[in-house]
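What the coordinates show
Here is how the chains run, residue by residue.
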Amino acid sequence: MKTRTLFAGLILGLFLFTGAQAQYKVGDVVSDFSLKNVDNKNVSLAQYASAKGFIVVFTCNTCPFAMKYESRVEELNKQFSSKGYPVIAISSNDAQAKPGDSFAEMQKKAKAEGFTFPYLYDESQTVAKQFGATNTPHVYVVSKEDGKLVVKYIGAIDNNADDASKADKKYVAEAINSLLEGKSPAVTATKAIGCGIKWKKA
Amino acid sequence: MKAFFIVCIVFFGSASVIQAQEIRKISKSELSEILKNPSDKLHVVNFWATWCGPCVKELPDFQKVVNAADNQKVDFLFISLDFPSDAEKKLVPFLKKNNYTFSVCLMTETDYNAWIDEVDQAWQGNIPATLFFNKARNVHHFVGEPMDKPQLVKTIQTLL
């Protein structure tokens, strides 16, 4: 029985593993990417020569969790872009699975909400896979060190999705404030419930 | 601990009769107890929410499997991650409308980082997610993606 269970576990594990992607961990160096913004111009991290780092947010139009955090993402950009940490928002959802996540719908959303940050379309889903993003919203705080972009924090924006005023742990803001003071963030990784990124059917 | 589990099951087992008026709310510590259940059964714990499209989509298949399962050997629990403020206006009507008879609890601890790792270290918090475990036989298997009926049946058969 035990052998059977172990064997089954191996098979199932193998099955799951083939679906898993290489993903960044805290301390890893991020490779640049180039994705189409809602204004039809491509954006890459290298274009931000004076940035100290980035708040990379994997998000989307349709996930109720992502929607709850929309205004908080906007606030993060307002608070930190002038300090050298702009928000780069990326939607990787398969628009065939979720028509509300099409590029045209992203353009509408960015306009309606007046996003002050780029909202990029990861149509091929390669950037989400490169980062190892699984959820929306899923944040990666990266910081420049000797010209390299190093992952400093991965996870949630704060600890209360439903009500921003009740969030007493503002993970992303605290991580960046530490980085701005030349310190390492106290919390480098958190997890949160969220919608899974809608992957294309293989 | 066992008593709680039985209460949960009895309560929701009769839910179809009493037309689920209330959802059992669980805290972080109650979830910990559920996850430590030592009984020699395969415990299937599904994490879902009414706002989660793929979760809602897989529930009819789960209900079929619940109906056909030997409850001496397999135990199901569906933990809703709906926002607690949505319980009455979304969760209860949803369960009623779909005539779901499986056991549902509502997670009230929304500081997710405080408990996600207890379910499975590899889980990033995306739902649907389903945990299969039997502490008595050292079985722990986590699926962090939607499952259809054949996958679910096969997984249960393999782990029993």
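Keep in mind the model is a prediction, meaning the values are calculated, not measured.

Bringing the nonpolar core into the picture now. Residue and element names in this part refer to chain A. The biggest cluster of nonpolar side chains holds 91 residues, and the ones touching the most others in it are Ile 55 and Val 172. Among the elements that make up this core, the one with the highest residue count is helix H2 (residues 64-80) (six residues). In this structure Ile 55 touches Leu 76, Phe 80, Tyr 85, Val 87, Val 139, Val 141 and Val 172, once residues within four positions along its chain are discounted.

Turning our eyes to something else, we now look at the interface of chain B and chain A. At the junction of the two partners, chain B supplies 23 residues and chain A supplies 19 residues. Of all the secondary-structure elements, those providing two or more residues to the side of chain B that touches chain A are helix H6 (116-119), strand S5 (126-127), strand S7 (139-143) and helix H7 (149-159) of chain B. Here the side of chain B that touches chain A gets three residues from one element, more than from any other, and that element is H7 of chain B. Here the side of chain B that touches chain A is built from residues that sort into 10 nonpolar, nine polar and four charged. For strand S9 (residues 194-196) of chain A and S5 of chain B, the ladder comprises two bridges, and the chain directions are parallel. Counterpart to Cys 195 of chain A in the pairing with S5 of chain B is Ile 127 of chain B.

Averaged over every residue, the pLDDT of chain B is 89; the share at 70 or more is 87%. Below a pLDDT of 50 lies the segment residues 10-20 of chain B, which in the model reaches 10 contacts outside its immediate sequence neighbourhood of four places, other chains included.

Looking now at the pairing of strand S4 (residues 87-91) of chain A. Residues and elements named next belong to chain A. Where burial is concerned, most of S4 is hidden: five out of the five residues are buried. As paired elements, strand S3 (residues 53-59) and S4 share five bridges and run parallel to each other. Opposite Phe 58, over in S4, you have Ile 90 as the bridge partner. Here S4 pairs with strand S5 (residues 119-121) via three bridges, running parallel. Bridging across to S5, Ala 89 finds its partner in Tyr 119. With respect to chirality, the unit in which S4 leads through helix H3 (residues 103-113) into the neighbouring parallel S5 is right-handed.

With that settled, consider the confidence of the model for chain A. Here chain A averages 90 in pLDDT, while 89% of its residues score no lower than 70. Segment residues 10-21 of chain A is flagged for pLDDT under 50; beyond a separation of four residues in sequence, or across chains, it makes four contacts in the model.

Another point: helix H5 (residues 171-180) of chain A. All names here are of chain A. All of the buried residues along H5 are Tyr 171, Val 172, Ala 175, Ile 176 and Leu 179. The buried side chains of H5 occupy one side of the element, clustering within an arc of 125° when seen end-on. For H5, the secondary structure elements touched by its buried residues are S3, H2, strand S7 (138-145) and strand S8 (148-155).

Reading the values: the criteria
Residues numbered from 1 in each chain as written. Chains lettered and ligands numbered in written order. Predicted model: local features only at pLDDT ≥ 70, side-chain atom pairs only at ≥ 80, totals over all residues. Core = buried A, V, L, I, M, F, W, Y, C linked by C-beta atoms within 7 Å. Buried ≥ 20, exposed ≤ 12 C-beta atoms within 10 Å, placed from the backbone. Helix = DSSP H or I, 4+ residues; strand = E, 2+ residues; numbered from the N terminus. Contact = placed C-beta atoms within 7 Å. Nonpolar A, V, L, I, M, F, W, Y, C, P; charged D, E, K, R; others polar. Pairing = 2+ DSSP bridges. pLDDT = per-residue confidence, 0-100. Right-handed = clockwise from strand over helix to strand, strands pointing away. Arc of directions from axis to C-beta.

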